[in-house]
Amino acid sequence: MIEAVLTIDDIASANTPALVDYLVEKEIPALMFAVGEHIEKFPEYVVYALQHGMIVGNHSYSHPDFAEISYEEGVCEIEKCEALLDDIYKKAGVERKFRPFRFPYGSKGGENKDKYERYLGNKGFSKVDDRKITGSLWKEKGLDKDIDTLWTFDFAEYRIRPESGFSMDDVMKRVHEGDPENGGMLLEAGTYHIILMHDHEETLAMVPDYYKIMLEHVAENGVTFVKPEFYVNTCEWI
Ligand SMILES: [Zn+2]
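Residues numbered from 1 in each chain as written. Predicted model: local features only at pLDDT ≥ 70, side-chain atom pairs only at ≥ 80, totals over all residues. Heavy atoms only, no water.

**Student:** Would you mind showing me how to read the overall build of the protein here?
**Tutor:** A tally of helices and strands in the protein yields 9 helices and 8 strands. Taking all 238 residues of the protein together, 55% fall into the buried category. Sequence-distant contacts, at least 24 apart, represent 76% of the contacts inside the protein between residues at least 6 apart. Within the protein, one finds 26 positive and 45 negative side-chain charges whose respective centroids are separated by 5 Å. (Helix = DSSP H or I, 4+ residues; strand = E, 2+ residues; numbered from the N terminus. Buried < 20%, exposed > 50% of the residue type's maximum accessible area, 1.4 Å probe, protein only. Contact = heavy atoms within 4.5 Å. Lys, Arg positive; Asp, Glu negative; His and termini not counted. Charge placed at Lys NZ, Arg CZ, Asp CG, Glu CD.)

**Student:** Could you clarify how one ought to interpret empty space enclosed by the protein in this entry?
**Tutor:** Any empty space left between the atoms is revealed when a probe the size of a water molecule rolls over them. For the coordinates displayed, the defined rule picks out 1 cavity of 30 Å³ or more. As a volume, the largest cavity reaches approximately 40 Å³. Around the largest cavity, the lining residues are Lys127, Val128, Asp130, Trp138, Leu143, Ile147, Asp148, Thr149, Leu150 and Ile194. Across the lining of the largest cavity, the residue classes break down as 6 nonpolar, 1 polar and 3 charged. (1 Å grid on protein atoms, 1.4 Å probe; cavity = no way out; pocket = protein on both sides within 12 Å on 5 of 7 lines; lining within 4 Å. Points joined across faces, edges and corners; volume = space filled by probe spheres on them. Nonpolar A, V, L, I, M, F, W, Y, C, P; charged D, E, K, R; others polar.)

**Student:** What's the story with the packing of aromatic side chains in this structure? I'm lost.
**Tutor:** Describing an aromatic ring pair means giving the distance of the ring centres and the angle of the ring planes. Summed over all chains, the structure comprises 13 aromatic pairs. An angle of 70 degrees between the planes, with centres 5.7 Å apart, marks the rings of Tyr22 and Tyr211 as edge-to-face. Residue Tyr22 is found in helix α1 (residues 16-25), and its partner Tyr211 is found in helix α9 (residues 210-220); the two are separated by 189 residues along the sequence. For the pair Tyr22 and Tyr211, a shared accessibility class is recorded, and that class is buried. Taken together, the aromatic side chains of Phe66, Tyr71, Phe101, Phe103, Tyr116, Tyr119 and Phe125 make up a single cluster linked through ring pairs. Across the ring face of Tyr61, the terminal group of Lys80 is positioned such that the distance to the ring centre comes to 4.0 Å. (Phe/Tyr/Trp six-rings, centres within 6.5 Å; stacked < 30°, edge-to-face > 60°. Lys NZ or Arg CZ within 6 Å of the ring centre and 35° of its normal.)

**Student:** What is the right way to read the layout of surface pockets from this model?
**Tutor:** Counted as a void, the largest pocket has a volume near 240 Å³. What lines the largest pocket is a set of 14 residues, and nearest its centre among them are His63, Tyr105, Tyr158, Leu196 and His198. Elements represented by at least two residues in the lining of the largest pocket include exactly β1 (2-11) and β6 (192-198). For the lining of the largest pocket, the residue count by class is 4 nonpolar, 5 polar and 5 charged.

As structure tokens, then:
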């Protein structure tokens, strides 16, 4: 058995309702990370995701690389998105039980990394329960201590762009060979993963139904998607 939490970054897009409908049909509970600017663009689609059982977390306001901005700017990015999320949960009539956060580009803020982790802990952000993750790199890199949500396997389908030379075949290769960066051998029996994919209209324009192709493929190869679980009030982790 292979278990995985599905995380979907950069929502919302024009395709979010169709994506949510597909996840509901397949009974896949997803943790979606929203960009504040995208919440402002498609508020009703974020409401739609929430009302259909998805958990929506914070992926900053304007998706900067946190290693390239000051700590103060970074906190502002997080808090601006938090305010939008509080508001959108209220609009959806859904209780906000969890506050997960993911840095854009998996960049943990460079020299400010420890400061950000302390901030996330003190502000009561939710840590995804990662105790079942099997890959040894997770602990070796200290990712088990962090509050923010990284991943163990990245489809990297966002790299499929005009003339990028990266195709769905390359995505499938990663599925079968694993993601060396975070040590996730996705299809190894008995493993537990946090999988990353994106809600991008640009990818959809290149490969119609890309998310269905990827999710069906991994499901056929033994991956079961499980409900994300969290630690709340994570000060004890600092
Ligand atoms: Zn992102």
